[in-house]
Amino acid sequence: VGDVLVRKIQKTGKYIELPLVSEAMEIVKKYEHQYKVLPKISEAKFNEYIKEACRIAEINSLVEVEPIRKGEVKKTYPKHKLVGSHVARKTFVTGMVKRGFEIQLIKEFATISDERTLKRYLHIDTDLKREKMRLWGAL
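Residues numbered from 1 in each chain as written. Predicted model: local features only at pLDDT ≥ 70, side-chain atom pairs only at ≥ 80, totals over all residues. Heavy atoms only, no water.

Looking now at the pattern of salt bridges. According to the stated counting rule, one finds 9 salt bridges in the structure shown. Its salt-bridge partner being E115, residue K107 comes within 3.1 Å of it at the nearest N-O pair. The class of K107 is buried, set by a relative accessible area of 8%. Of the residues examined, E115 reaches a relative accessible area of 39% and is grouped as partly exposed. The closest approach of N and O atoms between R116 and D114, which form a salt bridge, is 3.2 Å. For R116, a relative accessible area of 64% gives the class exposed. For D114, a relative accessible area of 28% corresponds to the partly exposed category. Each of E64, E66 and K74 takes part in one network of salt bridges that share partners. (Salt bridge = Lys/Arg side-chain N within 4 Å of Asp/Glu carboxyl O. Buried < 20%, exposed > 50% of the residue type's maximum accessible area, 1.4 Å probe, protein only.)

Here is the structure:
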């Protein structure tokens, strides 16, 4: 509706309204001739697209993965091969915190209702801590 995406959350049945940035509006316009605004894709396909986007963005630093079973050796992969929807959601939540969004607004945008769930997706890195401590020193 205009520049707002109205979405029904499958898990809760509630509707939420998400204001869209201009880049998102360009995508919506690409599909406006269809009944549904955005094409429905499977979670597997979504994860493939995320990996491809990260590959194109050259997110290639090597990540060592611990073996799952005894006797297996550690394996090393380029980071883009390991990224998926969970990592994307975590990045989104952490990015919103770094940009100073209020927790309640982050929960709304990420469609998270429980504080414990939010904490699982939130990563506070040393750079953010350093920045906040600089602000504290400026008081």
